[in-house]
Amino acid sequence: MKKMRFAQAIESALAQAMVEDENVFIMGEDVHTLRANLFTRFGKKRVKSTPISESAFLGAAVTAAMGGLRPVVEVMLVDFIGVAMDALLNEAAKVSFFSGGKWDVPIVVRASCGGGYGDAGQHEQSLWGWLAHIPGLSVVVPSNPADAGGLMLSAIYHDAPVVYLEHKLLSDYWLDSMGIGGRTTVSFDIPKDGVEGDVPDRWEPIPMGELNCLRDGKDITLVSVGVGVHRSLQAASTLQEKGISAEVLDLRSVSPLDTKGLKKSIAKTGALLVVDEDYKTFGLSGEICATLLEERLLFKYGRVCTEDTIPYSRELEDQALPSEKRIIDKSIETIKT
Amino acid sequence: MVEAEAWQLYELMLRSRRFEEAVKKLWDAGKISGEMHLGIGEEAIIAGVVSQLKEGDAMALDHRGTPPLIMRGIDMVALLLEFLGHPQGLCAGMGGHMHLFSKEHLAASSGIVGSSGPAATGFALALRYNKSDNIAVALFGEGSMNQGMMLESMNLASVWKLPVLFVCKDNDWAITTLSKEVTGGTLVDRARGFGIEGAEVDGIDVAAVLKVAKYAISKMRKDGGPYFVHAHCVHKTGHFLGDPLLRFHETPMKMFDPSLMKSAFSIKGGAPFHVRGGSLVKIFSFVSKSGKQRKIDPLVVTEKKLKENKGRLKEIEETVSNEVEQAVRKALDIVQGRGEA
């Protein structure tokens, strides 16, 4: 075991895969700067900077993968994926199906996501529910360095498209350039355990679709991904002081969803609160509820999500994103109904 | 360019510059959050174009929307309050500097690279639909010229004969990537390929921009149809204030990552060491190239041409600086609950 930071863990797992498999390569905007270490170590053939042409290079990555390569494509911010949506929605996600399962698209689309640093509604979205909606795409959202590295490795070696989302409050490179910018005059609610933590000496893939139970409880289950996991853990500590025992589950992957793990926890607590930084309607929070109802479970239900476009104003942004206070209030309300 | 115009354009440029310098101070002080993309270095382009707009003309803006809005005469206090995230801001504190909208000025912004192409095309469609002689301007960087939506808009504007002035502000850098390394052919030729007349111009020289803008805009008002301007400029404050290349020049010791040397010379697994050396040289050449931009300044160039009338220069400087200072003071008072918008 050793300590690593979140962004460093991703880079370290990527480097391990790039050494193991010559066909793994990175491409995307500005990667010579964003991944300066990997660019230096592996050279421009394997760390390829692209023009700002998301639809072209993401589309090209799909067939590059079909041609035998394993591209890790960076689109900087998940919000920018809108520009290249055809490549994901109608190409990457469909090839295996259309070819009768005879042709795979082993591509990883890596993007930063999430808010909490005042960059407004076009650069702070989460969108994992929107992406996971598409059959054929897996979506992973790690919350700590160990998961960040292990999930990156499994994403790279997965024989189908995976969207890999890293929250900007966890990944110091992103927060530094987008939120801090060299200033000492700004501060953010950064989850320390997410930013730095223990990692294995050598990366092993963490299977997608296996949630992690981070805190046992008996009264209510808090389910989340990314930064929401840390907000939930904080809330669970405060709830404990109020006599409420909350279990906290880190889904780690939005799709595939660990239905079995969710079922086990909800069967025990009988109450579910989904904490989702993505949009509330037509998304992860509703999907989890529907899935568990289909499993014939009866439970109390609540959700704390982002309900509208994220405001630029820091004050309004704090109210819009899931916070410890909102989680506590909603947990109490959910249990009491 | 007649003398009166030279003074008018200089004042527009100066107002934008002083305003953005004040914005930078507020950002440095942590009063403005998130990223900050300033238009410092592209004022001559904006002044040359925006000075030729009339009421009813539309502007589709990119992530550097502040200079065109200031030059179009938008209220400074409303803009500052927006950046400060105040409910009385231009967009009620909802948008911030990358997402500025003014229905009154027919001005819309987006932080998505290339999106001002379709936006200006749609504005032009609405304007032509009602048979006005108004035009729409798309402001964007040369990075946008590799976006499908920009090129598709150029085609659409061409075949539908829509009066869109495509203004490509070329500062050589697509974020921290050198544009010439990721861009094929020449940009004016691309426009011509769509049947759009175009010109390449020195965007540091406001008189040169003005000349092209006057020609293009009067032609568009009369005959419809688009025009393409490829104007070369600089971004003196980097892609954004968090730009690692910019910060490398400001605080080299802080920005230098020692692990880079390890990646280049000692770590096992990866490319042969001569390739790694080449990568390192590339990174440092980018840092060095980005530094050259810092020495070029369209405002200084414009000021030099007017230096014979020092008295008037001083007078304008005082007026504009006062105007900006007062706006900042008023905005901060409002934020602190001591004043009204």
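Since the structure is predicted, the reported quantities are computational estimates derived from the model, not experimental observations.

### Examining the overall build of chain B
- Along its length, chain B carries 14 helices and nine strands.
- Against the globule reference of 20 Å for 341 residues, chain B gives a C-alpha radius of gyration of 21 Å, in line with a compact fold.
- Principal-axis analysis of the C-alpha atoms gives chain B an extent of 65 × 55 × 45 Å.
- Out of the 341 residues in chain B, the part that is buried amounts to 58%.
- For chain B, restricting intrachain contacts to residue pairs at least 6 apart in sequence, the fraction spanning at least 24 positions comes to 73%.

### Details of the sheet that holds strand E11 (residues 246-250) of chain A
Residues and elements named next belong to chain A.
- A sheet is described by the order of its strands in space; here five strands give the open sequence E9-E11-E10-E13-E14, paired in mixed fashion. Two strands lie at the open edges of the sheet, namely strand E9 (212-215) and strand E14 (300-306), each paired on one side alone. The average undirected angle you get between the axes of adjacent strands in this sheet is 25°.
- When strand E10 (residues 220-224) meets E11, the two strands line up parallel, connected through five bridges. By the bridge assignment for E11, Ile220 is matched with Ala246.
- Of the strands in this sheet, E10, strand E13 (271-279) and E14 are in contact with helix H15 (residues 324-336), which crosses E14 at around 160°.

### Section: the pattern of salt bridges
- Tallied over the entire structure, the rule returns 40 salt bridges over all chains.
- Residue A:Glu317 is joined to A:Arg314 by a salt bridge in which the shortest nitrogen-to-oxygen separation is 3.0 Å. Here the residue A:Glu317 and the residue A:Arg314 both occupy positions in helix H14 (residues 314-320), the gap between them amounting to three residues, near one helical turn.
- A relative accessible area of 0% places A:Glu317 in the buried class.
- Exposure remark for A:Arg314: the relative accessible area of 24% places this residue in the partly exposed category.
- When the shortest N-O distance is used, the salt bridge between B:Arg17 and B:Glu43 registers 2.6 Å. Of the two residues, B:Arg17 is situated in helix H1 (residues 3-28) and B:Glu43 in helix H2 (residues 43-50); the sequence distance between them amounts to 26 residues. Comparing B:Arg17 with B:Glu43 shows no difference in burial state: the two are buried.
- Overlapping salt bridges bring together A:Arg35, A:Glu74, A:Arg110 and A:Glu166 as one network.

### Topic: the interface of chain A and chain B
- Every contact between the two is made by 43 residues of chain A and, on the other side, 53 residues of chain B.
- Per-residue buried area on chain A facing chain B is highest for A:Arg41, A:Ile52 and A:Tyr312; these three make up 21% of the total on that side.
- In this structure, A:Asp176 and B:Arg247 form a salt bridge, with 3.0 Å as the shortest nitrogen-oxygen distance.
- Applying the counting rule to chain A against chain B returns 34 residue pairs in polar contact (both at pLDDT 80 or more).
- When residues of the side of chain A that touches chain B are traced back to their parent elements, those giving at least two are helix H2 (31-34), helix H3 (36-42), strand E3 (47-50), helix H9 (172-180) and H14 of chain A.
- By residue class, the composition of the side of chain A that touches chain B is 19 nonpolar, 17 polar and seven charged.

### Description of a positive patch on the surface
- Taken together, the side chains of B:Lys180, B:Lys289, B:Lys292, B:Arg294 and B:Lys295 present a region of like positive charge at the surface.
- Within the fold, B:Arg294 resides in the loop between helix H12 (273-292) and helix H13 (298-305).

### Things to note about empty space enclosed by the protein
- This structure, assessed with the given rule, holds five cavities of 30 Å³ or more.
- Lining the largest cavity are 28 residues, and of these A:Met76, A:Phe80, B:Glu35, B:Ile175 and B:His239 sit closest to its centre.
- Listing elements by their share of the lining of the largest cavity, those giving two or more residues are H2, strand E4 (70-77) and H9 of chain A.
- If one sorts the elements of the lining of the largest cavity by residue count, H9(A) sits on top with four residues.
- Looking at the lining of the largest cavity residue by residue, the class counts come to 15 nonpolar, nine polar and four charged.
- What the second largest cavity holds in volume is close to 150 Å³.
- Around the second largest cavity, the lining is made up of 16 residues, and of these B:His63, B:Arg64, B:Gly141, B:Gly143 and B:Trp173 lie nearest the centre.

### Here's the deal with the nonpolar core
- Counting residues in hydrophobic clusters, the biggest one holds 72 residues, and the most contacted among them are B:Phe19, B:Ile32 and B:Leu165.
- It is H1(B) that provides the largest number of residues to this core, a total of twelve residues.
- Formed by 54 residues, the second largest nonpolar core is a distinct cluster that contains A:Met76, A:Leu175, A:Met178 and A:Ile206.

### Here's the deal with the packing of helix H1 (residues 6-20) of chain A against helix H8 (residues 145-157) of chain A
Residue and element names in this part refer to chain A.
- Direction vectors running N to C along H1 and H8 enclose 30°, while the axes themselves pass 8 Å from each other. Judged on the interaxial angle alone, H8 and H1 are roughly parallel. In this structure, H1 crosses over H8, and the sense of that crossing is right-handed. Where H1 approaches H8, its residues Phe6, Ala9, Ile10, Ala13, Leu14, Gln16, Ala17 and Glu20 are matched on the opposing element by Pro145, Ala148, Gly149, Met152, Leu153, Ile156 and Tyr157.
- Residue classes in the contact of H1 with H8 are distributed as twelve nonpolar, two polar and one charged.

Cut-offs used in this document
Residues numbered from 1 in each chain as written. Chains lettered and ligands numbered in written order. Predicted model: local features only at pLDDT ≥ 70, side-chain atom pairs only at ≥ 80, totals over all residues. Heavy atoms only, no water. Helix = DSSP H or I, 4+ residues; strand = E, 2+ residues; numbered from the N terminus. Rg over C-alpha atoms; globule rule 2.2 N^0.38 Å. Buried < 20%, exposed > 50% of the residue type's maximum accessible area, 1.4 Å probe, protein only. Contact = heavy atoms within 4.5 Å. Pairing = 2+ DSSP bridges. Axes fitted to C-alpha atoms, helices over the stretch in contact; angles between N-to-C directions. Salt bridge = Lys/Arg side-chain N within 4 Å of Asp/Glu carboxyl O. Buried area = accessible area lost by both parts, 1.4 Å probe. Polar contact = N/O pair within 3.5 Å; in protein donor to acceptor, adjacent residues only side chain to side chain. Nonpolar A, V, L, I, M, F, W, Y, C, P; charged D, E, K, R; others polar. Patch = residues over 30% accessible without salt bridge, like charges linked within 9 Å, V, L, I, M, F, W, Y side chains within 5 Å. Areas by Shrake-Rupley, 256 points an atom, 1.4 Å probe, with all protein chains shown as cover. Lys, Arg positive; Asp, Glu negative; His and termini not counted. Charge placed at Lys NZ, Arg CZ, Asp CG, Glu CD. 1 Å grid on protein atoms, 1.4 Å probe; cavity = no way out; pocket = protein on both sides within 12 Å on 5 of 7 lines; lining within 4 Å. Points joined across faces, edges and corners; volume = space filled by probe spheres on them. Core = buried A, V, L, I, M, F, W, Y, C linked by side-chain atoms within 4.5 Å. Parallel < 35°, antiparallel > 145°, perpendicular 65-115°, else oblique. Left-handed = near helix turned anticlockwise from the far one by under 90°.

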